[in-house]
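# Descriptive structure summary
One letter stands for each residue in the lines below.
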Amino acid sequence: MFQLRPYQKEAIKAVIEARKQGIKRMVVCLPTGAGKTVIFSRLASMAKKQVIVLAHREELLTQAKNKLENALPEGVIVDIEQGQNRARPNAQVIVCSIRSLREDRLNALKEGRDIGLVIYDECHHAPAEDNRRVLRQLGCFDRDWGGTLLGFTATTRRGDKIGLGEVFEEIVYTRTIAQMIQDNYLVGLRGYRVATEADLCRVGGSGDDFNVDELAEAVDIQERNALVARAIQELARDRRTIAFCVTVAHAKNLSRALNKIGIPAGVIHGEMKSEQRAFVLKNFREGNFQALTNVAVLTEGFDDPEVSCIAMARPTRSSALYTQ
């Protein structure tokens, strides 16, 4: 099993103490890279009943399953519940795609199981109505429920201003990026601002961010994409890079600009089939792509320690999105 860092031990202790005080629905807030999966894997190993892990993106299901298997004692069965794949009845930990958990499927999953711990990864999504429906169906809001709902996130803020208090009772443990860098658990950041001629003054708002269509029109222009590509070439050099774009068209255009100057780049976005996304990520991890341009796929929980450059090719007003 993984050797826990001091703050990970503190987080586990805080969860246990909160549960002893009667708090059933709680949040641990830690930045990306802090090892949230390590923490909830240890808690899952301590659970006396079966455990459900809720995740949103397909890429995160396999990633969570692999980390859980590495962290849990040998012989503990970890299964995925998604699409055609059904978890075995004797699985101690079940990693679920929350979008797959329609009412009938969730009822079938619960049948014959004694679920004592529900772990919600990227739990800032929890207040959305269908996600709350899943939690209600699991019994998380029942007064006599004997289980624990434990959420993990890097940011407790949502773009629609709905607070996590709609779902959770208390944030029981938190550490900031600055604290993690100061304690040498995260690498310090070097930021570069590249000036472009994009005019955002006329771009309207949507929630706490820019209007996507208007923003794309302002930034997805050939000259700007070429400038961003050159900046990545000069500043990132041989670093593996993920670039965040506004739309699929923007991601494709920036990828072309990168390839044009000799930086092998791929594109990944939510409209691609899962097999295509897996193929692109495999090529990126194997070094066939130096850069990936993406739209709303690698924003949360994506784990690739070899990535050492982030290019924010899309301006944002959202501190939550920027933090993620």
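Note that the structure is predicted; figures quoted are calculated from it, not measured. (Residues numbered from 1 in each chain as written. Predicted model: local features only at pLDDT ≥ 70, side-chain atom pairs only at ≥ 80, totals over all residues. Heavy atoms only, no water.)

### Re the environment of Ala 243
If you trace the backbone, Ala 243 turns up in strand 10 (residues 240-244). Accessibility expressed as a relative area gives 2% for Ala 243, which makes it buried. Residues Ala 243 and Ser 308 lie 65 residues apart in sequence; the distance between their C-alpha atoms is 11 Å. Aside from chain neighbours lying at most four places away, what touches Ala 243 is Leu 254, Leu 292, Thr 293, Asn 294 and Ala 311. (Helix = DSSP H or I, 4+ residues; strand = E, 2+ residues; numbered from the N terminus. Buried < 20%, exposed > 50% of the residue type's maximum accessible area, 1.4 Å probe, protein only. Contact = heavy atoms within 4.5 Å.)

### Examining the sheet that holds strand 5 (residues 115-121)
The strands that make up a sheet pair up through hydrogen bonds in the backbone, lying either parallel or antiparallel. In space, the 7 strands of this open sheet follow the order 3-4-2-5-6-1-7, with parallel pairing throughout. At either end of the open sheet lies a strand with only one pairing partner, and these are strand 3 (78-81) and strand 7 (170-174). Pairwise comparison of adjacent strand axes, ignoring direction, gives a mean angle of 20° for this sheet. One ladder, built from 5 bridges, connects strand 2 (residues 50-55) with strand 4 (residues 93-97); its direction is parallel. Across the sheet, Val 51 pairs through a bridge with Val 93, a residue of strand 4. The sheet contacts of helix 1 (residues 6-20) involve strand 1 (25-29), strand 6 (148-153) and strand 7, and relative to strand 7 the element is tilted by about 160°. Those strands touched by helix 5 (residues 129-137) are strand 2, strand 5 and strand 6, and its axis lies near 165° from that of strand 5. (Pairing = 2+ DSSP bridges. Axes fitted to C-alpha atoms, helices over the stretch in contact; angles between N-to-C directions.)

### What about the layout of surface pockets?
Quantified by volume, the second largest pocket comes out at close to 450 Å³. For the second largest pocket, the lining is made up of 16 residues, of which Arg 19, Met 46, Ala 47, Gly 116 and Thr 148 are closest to its centre. Sorting the residues of the lining of the second largest pocket by element identifies helix 1, helix 2 (36-46), strand 5 and strand 6 as the ones contributing at least two each. If you tally residues by element for the lining of the second largest pocket, the top one is helix 1, at 4 residues. Partitioned by chemical class, the residues of the lining of the second largest pocket number 8 nonpolar, 4 polar and 4 charged. (1 Å grid on protein atoms, 1.4 Å probe; cavity = no way out; pocket = protein on both sides within 12 Å on 5 of 7 lines; lining within 4 Å. Points joined across faces, edges and corners; volume = space filled by probe spheres on them. Nonpolar A, V, L, I, M, F, W, Y, C, P; charged D, E, K, R; others polar.)

### Some details on the pattern of salt bridges
For the structure on display, the rule yields 12 salt bridges. In this structure, Lys 20 engages Glu 17 in a salt bridge whose closest nitrogen and oxygen atoms are separated by 3.9 Å. Remark: Glu 17 and Lys 20 occur in helix 1; sequence separation between them is 3 residues, near one turn of the helix. On the accessibility criterion, Lys 20 (65% relative accessible area) is exposed. Overall, the relative accessible area of 32% leaves Glu 17 in the partly exposed class. Here Arg 132 and Glu 166 are joined by a salt bridge, their closest N and O atoms 3.6 Å apart. Of the two residues, Arg 132 is situated in helix 5 and Glu 166 in the loop between strand 6 and strand 7; the sequence distance between them amounts to 34 residues. For Glu 166, a relative accessible area of 49% puts it in the partly exposed group. Salt bridges here are not isolated pairs; linked through shared partners, they connect Glu 81, Arg 86 and Arg 105. (Salt bridge = Lys/Arg side-chain N within 4 Å of Asp/Glu carboxyl O.)

### Details of the packing of helix 4 (residues 103-110) against helix 5
The interhelical angle for the contact between helix 4 and helix 5, taken along N-to-C directions, is 30°, at an axis separation of 11 Å. In this view, helix 4 runs roughly parallel relative to helix 5, as classed from their interaxial angle. Crossing of helix 4 over helix 5 shows right-handed handedness. Residues Glu 103, Leu 106, Asn 107 and Lys 110 of helix 4 form the contact with helix 5, whose participating residues are Arg 133, Val 134 and Gln 137. Each residue belonging to the contact of helix 4 with helix 5 can be placed in one class, and the counts come to 2 nonpolar, 2 polar and 3 charged. (Parallel < 35°, antiparallel > 145°, perpendicular 65-115°, else oblique. Left-handed = near helix turned anticlockwise from the far one by under 90°.)

### Thoughts on the pairing of strand 10
A regular strand carries its side chains on alternate faces of the sheet. With 5 of 5 residues buried, strand 10 lies mostly within the body of the structure. The alternating pattern of strand 10 places Arg 240, Ile 242 and Phe 244 and Thr 241 and Ala 243 on opposite faces, both of which are buried. Where strand 10 and strand 13 (residues 307-312) come together, 5 bridges link them in parallel fashion. Residue pairing for strand 13: Ile 242 is matched across the bridge by Ile 310. Here strand 10 pairs with strand 12 (residues 291-295) via 4 bridges, running parallel. Within strand 12, the position partnered with Ile 242 by the bridge is Leu 292.

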